Amino acid sequence: MPGQLNLQFPSPDNLRVVVAGSWLLADSLPSLDDFALQLQSRSDIQKISFDGSAVTQWDSGLLTFLARVYQLASDQKISIDPAGLPDGARRMMKLATAVPPKENTGKHKKHRPLLDRIGERSLSMWRAAPEMLHFLGEVTLSFGRLFRGTAQFRRSDLMLFIEDVGAHALPIVSLISFLVGLIVAYMGAVQLAQFGAQIYIANLVSLGMTREMGALMTGIIMAGRTGAAFAAQLGTMQVNEEIDAFRTLGFNPIDFLVLPRILALILMMPLLVLYAGIVGITAGMFVAVTVFDISTFEYYQQTVRSMQWTHIWVGVIKGTVYGMLIAFAGCLRGMQCGRSAQAVGEATTSAVVTGILFIIIAASLLTILFQELGI
Amino acid sequence: MEATAELHNTDPDAHITVQDLTMAYGDFIIQRNLNFTVQRGDIFIIMGGSGCGKSTLLRHLIGLKAPASGRVLFESISYWESSPVEQQRIKRGFGMSFQSGALWSSLTLAENVALPLGEYTELAPADIAEVVSLKLSLVGLAGFEEFYPSEISGGMQKRAALARAIALDPAILFFDEPSAGLDPISSRRLDDLILELRDSLGTTIVVVTHELASIFTIANNAVFLDAETRTMIASGDPKTLRDASPDLRVRQFLNRGET
């Protein structure tokens, strides 16, 4: 028999709720509208009692129903006498009402005025700036300790990071720089061919790959690959309280965790940039030879003639700066991470976004600087 | 048919039956020859020293890890020999409270409890919200619906995880170290709740713990796993085992090393 609900009045001030049959969550249960109406219309009700002797089986369905009855009753300040309920249900309701609900949690004012939210955003961005400077200061101090030889970190960690950001990054750097070299060569050649000047593909590619594109593309790859990894590693360590464990044992987490990561990227970025340049130039040669009928030797000659050491240095310096910024952004976001899985995701996203933003800003500033210096 | 009938359990009250279970990671055997029965309405404790495979046994019982050999029967159905559909049906009757809560951190407490309800029942959103509030109030967290797990304390997270575990009124409720990290009063309240769930709803409860106070308060049956011999060395009511187990190791464990 499905759940049934009857309302009785043993005395005018006593409303008796009679429940009977099977009260399971999976079944459709009687509505409470009638009960609510009675409470509304009859202001002389002082007490609600129950008769549950005919309930055959019940689960949370009955309890949810009772919770609603309790709620309505307490809204109207009517007392509840649970004596007539099935034993288990009575005890469960006692448990459910043992701890009063927490109020004023501040969770309900979700819709605040637009200006309010803009203001809060701006303030929190404003507050983020000194935090970043603080981290920059700590990293600088840590490098100071490194040069004095007092920085505490495991050399084997550094080696692992070097392997990870160096050797393991080669496949993706190869692929991307080959394709970029291909694109630069092809795009340029189509234009140059109009003047019969295909041979200058070599100049275009060697200059472009060594001075700008090699560093920029490697930077963006490393921001996505390594910056994100750093943020996720440090963020997870933050969640597991591992960073607190370092602090408690008197290790400086900046020395121990951040320094080897930044160092590894600073050491490896120049090599990756050089490698990207070589791969890009090879790709340019591939286009020139197969599509535009330039011989390998001609291309080689032209590349060597157009190449200057300054281009290589400019590219390597840029790449090193990008590496530093990527590692800095990744570690910063990782160390700032909150204590949940969600926060690790946010830290990782933010590390990549910050890293790429830094790279673009640095690229603009460095280009202007080198221009002014006439390099 | 004789052969299959044999493995089926004849005891109508047996809820979980473990037969000749061997647990292993690859070639490394954790425990072997486990045989025990959890009766309907039991509060059953899996105990033993650290590293003896208590949590691994629990993972076998809830269907997260397949046994190296042996069977786990629910009522009379062998879980690992059933079809995926049947396994899914059996698992629907489980509630599990993980050691560190395992609440989904991107969801609020209400959403955490509501997720299984929305997925596996036909209830309307408004009804789900009421069931969620009821479950949260049962664990003493009424009013915390809109909080995220990271915004509440560890003990509260554990209770919230229990609210999620009992969302679907499970027939069997599993706990991994329920009182680890709780203060004595919360721990006591949790024991009361466990007893209440058994008494009121008839839930069968399986608990991994080595909290002695809690064991003697709630348990009526137990199995004791030993790390050295890699098998169970005792089973039965922990109070009886404490006073009269023939095995010294069991008596020592249950008397905090004093015998």
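Residues numbered from 1 in each chain as written. Chains lettered and ligands numbered in written order. Predicted model: local features only at pLDDT ≥ 70, side-chain atom pairs only at ≥ 80, totals over all residues.

Student: What am I meant to see in the overall build of chain A here?
Tutor: Along chain A, the regular secondary structure elements total twelve helices and four strands. Compactness check: chain A gives a C-alpha radius of gyration of 35 Å against a globular reference of 21 Å for 375 residues, more than 25% above the reference. Dimensions along the principal axes, computed over C-alpha positions, put chain A at roughly 110 × 55 × 40 Å. Evaluated residue by residue, chain A yields a buried proportion of 35% over its 375 residues. Pairs at least 24 residues apart make up 83% of the contacts formed inside chain A by residues separated by at least 6 positions. (Helix = DSSP H or I, 4+ residues; strand = E, 2+ residues; numbered from the N terminus. Rg over C-alpha atoms; globule rule 2.2 N^0.38 Å. Buried ≥ 20, exposed ≤ 12 C-beta atoms within 10 Å, placed from the backbone. Contact = placed C-beta atoms within 7 Å.)

Student: Just checking my understanding: could you explain the overall build of chain B for this structure?
Tutor: Helix and strand counts for chain B come out as ten helices and ten strands. Compactness check: chain B gives a C-alpha radius of gyration of 19 Å against a globular reference of 18 Å for 259 residues, within 12% of the reference. Dimensions of chain B along its principal axes, counting C-alpha atoms only, are 50 × 50 × 35 Å. For chain B, the proportion of its 259 residues judged to be buried stands at 44%. A fraction of 63% describes how many contacts in chain B between residues 6 or more apart in sequence connect residues 24 or more apart.

Student: Before we go on, may I ask you to explain the pairing of strand β2 (residues 28-39) of chain B in this structure?
Tutor: Residues in a regular strand project their side chains so that they alternate between the two faces of the sheet. All names here are of chain B. As paired strands, strand β1 (residues 14-25) and β2 are joined by eight bridges and run antiparallel to one another. Across the sheet, L21 pairs through a bridge with L34, a residue of β2. The hairpin turn running from β1 into β2, its antiparallel successor, is two residues long, and G26 in that turn takes a positive phi close to 60°. (Pairing = 2+ DSSP bridges.)

Student: Any chance you could explain the packing of helix α6 (residues 170-193) of chain A against helix α9 (residues 253-291) of chain A here in plain terms?
Tutor: Angle between the axes and distance between the axes: these two values describe a pair of packed helices. Residue and element names in this part refer to chain A. Viewed as axis vectors pointing N to C, α6 and α9 meet at an angle of 45°, and their least axial separation amounts to 7 Å. One finds that α6 runs oblique with respect to α9. Between α6 and α9 lies a crossing of right-handed hand. Residues V173, S174, S177, F178, V180, G181, L182, V184, A185, Y186 and A189 of α6 pack against L272, Y275, A276, V279, G280, I281, T282, A283, G284, V287 and A288 of α9. In terms of residue class, the contact of α6 with α9 is built from 16 nonpolar, six polar and no charged. (Axes fitted to C-alpha atoms, helices over the stretch in contact; angles between N-to-C directions. Parallel < 35°, antiparallel > 145°, perpendicular 65-115°, else oblique. Left-handed = near helix turned anticlockwise from the far one by under 90°. Nonpolar A, V, L, I, M, F, W, Y, C, P; charged D, E, K, R; others polar.)

Student: Would you explain the interface of chain B and chain A in this entry?
Tutor: Often the size quoted for an interface is simply the accessible area lost on bringing the parts together. On the chain A side, the residues contacting the 23 residues of chain B number 26 residues. Elements represented by at least two residues in the side of chain B that touches chain A include exactly α5 (125-138) and α7 (184-201) of chain B. Tallying contributions element by element places α5 of chain B first for the side of chain B that touches chain A, with six residues. Partitioning the side of chain B that touches chain A into residue classes produces nine nonpolar, nine polar and five charged.

Student: What is the right way to read the sheet that holds strand β10 (residues 231-235) of chain B from this model?
Tutor: Strands pair in a sheet through their backbones, by hydrogen bonds, and they do so in one of two ways: parallel or antiparallel. All names here are of chain B. Taken in spatial order, the six strands of this open sheet run β6-β7-β8-β3-β9-β10, and their pairing is mixed. Only two strands of the sheet have a single neighbouring strand rather than two, namely β6 (94-97) and β10. For this sheet, the mean inter-axis angle between neighbouring strands, taken without regard to orientation, is 20°. Two strands pair when backbone bridges link them, and strand β9 (residues 221-226) and β10 are joined in this way by four bridges, in the antiparallel orientation. Directly across from F224, in β10, lies its bridge partner A234. In the packing of helix α2 (residues 54-61) onto the sheet, contacts are made with β3 (43-48), β7 (172-176), β8 (204-208) and β9, and the angle to β3 comes to roughly 140°.

Student: Looking at this structure, I do not really get the sheet that holds strand β3 (residues 47-58) of chain A. What am I missing?
Tutor: Residues and elements named next belong to chain A. Pairing within the open sheet is mixed, and its four strands lie in the order β1-β2-β3-β4. Edge positions in the sheet fall to β1 (4-11) and β4 (79-81), since each has one partner strand and no second. The mean inter-strand angle of the sheet, taken between neighbouring strand axes irrespective of direction, is 25°. Where strand β2 (residues 14-23) meets β3, nine bridges bridge the pair, whose relative direction is parallel. Residue pairing across strands places L15 opposite I48, the latter belonging to β3.

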